[in-house]
Amino acid sequence: MAHALMLDTPGTSRPSKRRKLGVPVVLQVVAMIGIGALVYPAAADWFATLSHNSERSGYVRTVEGLSEAQLAEGLSAARDYNANLPAGALIDPYSATGDPVAAAADQASYSAYEDVLRASDNGVIGEVVYPRLGIGLPLFHGTGDDAISRGVGHLYGSSLPVGGESTHSVLTSHSGLVHASLFTKLPQAKVGDLFEVRVLGETRYYEVDGLETVEPFVTDSLNVVDGEDRVTLFTCTPIGVNSHRFLVHGVRVPAPPGAGDTDLAGDGLSAGFPWWAAAFVGGSGVVAYLLFAPRRTKKRAGATINIDTDEKRKS
């Protein structure tokens, strides 16, 4: 008489197998969600950089399509605007007062301001590039949230960023956003650094000559200095608290040797390799191996075993 000992016979305990398989699957999904949360800031900033560079590239192409006469007319209109800029205290765009647009006494004047330097319908009027800090952002009119979340905003009431004696342009952006770094690295600025402002085909260079942390509404250092061509970059600090403002003051200097030799693709501000994607795939793969590889080993070890006891007796 033959007896068969069946271990882990195919088709046996299928509900149990499904339950056992469900636990690793759930753990894998949870692990992938966790890894995704960890790499999300890097991934979001990578995509934001692509978007910023796309807007900058689009602006450059638009400017290249303008005639010399159109470029000269645009710059002349901006310089006329600066020459007739009314004196007065600037409004802190991060204060409770909000965007200076809402506080503008004359909405028609603000609309006229938005028309100056307008080269296309996407709102980009230039670029701000700070090579040492890896900052390269499109520049927009005003300091509404749309502008300073997409790039750099020009503070209404300050000089337009086209240079010239007795001008002071104030440019600002957010820091610490999860989806984009923007001006997050600005507090790493050092006296002596160079940054660039590019408008209508002209690049102007500014050397950092002062760093300042001030309370909101303290705008004395943003005033025009007679005879000087200045630009101030600023953002909120500390990140997440935003109780103060960090200001990077720059004064116009001649173009350094080799200036203009690099284009958008070669200015060191590309998005770079998506290491966040490699980390996500690699981390998910390691978790999958740890969860499922032992199960495959057990399955092989627990294969069906048939033992014919009569044959065994005969042997």
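Residues numbered from 1 in each chain as written. Predicted model: local features only at pLDDT ≥ 70, side-chain atom pairs only at ≥ 80, totals over all residues. Heavy atoms only, no water.

1. Some details on the overall build of the chain
Alright, step 1. The helix and strand inventory of the chain stands at seven helices and eight strands.
Alright, step 2. Classification of the 315 residues of the chain by burial places 39% in the buried group.
Alright, step 3. Taking the contacts inside the chain whose residues are at least 6 apart along the sequence as the reference set, 71% of them involve residues at least 24 apart.
Alright, step 4. Carbon and sulfur atoms provide 59% of the accessible area of the chain, an area that totals close to 16,800 Å². (Helix = DSSP H or I, 4+ residues; strand = E, 2+ residues; numbered from the N terminus. Buried < 20%, exposed > 50% of the residue type's maximum accessible area, 1.4 Å probe, protein only. Contact = heavy atoms within 4.5 Å. Areas by Shrake-Rupley, 256 points an atom, 1.4 Å probe, with all protein chains shown as cover.)

2. So, the environment of T213
Alright, step 1. With respect to the secondary-structure elements, T213 resides in strand β6 (residues 202–214).
Alright, step 2. Between the C-alpha atom of T213 and that of T235, which follows or precedes it by 22 residues, the distance is 9.8 Å.
Alright, step 3. Other than its neighbours up to four places away in sequence, T213 contacts T237, H244, R245 and F246.

3. Concerning the sheet that holds strand β8 (residues 244–253)
Alright, step 1. Spatially, eight strands are ordered β1-β2-β3-β4-β7-β8-β6-β5 in a closed barrel, and the strand pairing comes out mixed. Averaged over all neighbouring strand pairs, the angle between strand axes comes to 30 degrees, with direction disregarded.
Alright, step 2. Bridge count between strand β2 (residues 135–141) and strand β3 (residues 152–154): three bridges; the pairing is parallel. The partner of H141 across the bridge, within β3, is H154.
Alright, step 3. Contacting β4 (167–172), β5 (194–199) and β6, helix α2 (residues 68–83) crosses the sheet at an angle of about 35 degrees to β6. (Pairing = 2+ DSSP bridges. Axes fitted to C-alpha atoms, helices over the stretch in contact; angles between N-to-C directions.)

4. Here we look at the packing of aromatic side chains
Alright, step 1. Here the structure, examined in full by the defined rule, presents six aromatic pairs.
Alright, step 2. On the numbers, 5.8 Å between centres and 20 degrees between planes, the contact of F195 with Y206 is stacked. Residue F195 is located in strand β5, and its partner Y206 is located in strand β6; the two are separated by 11 residues in the primary sequence. With respect to burial, F195 and Y206 carry one shared label: buried. (Phe/Tyr/Trp six-rings, centres within 6.5 Å; stacked < 30°, edge-to-face > 60°.)

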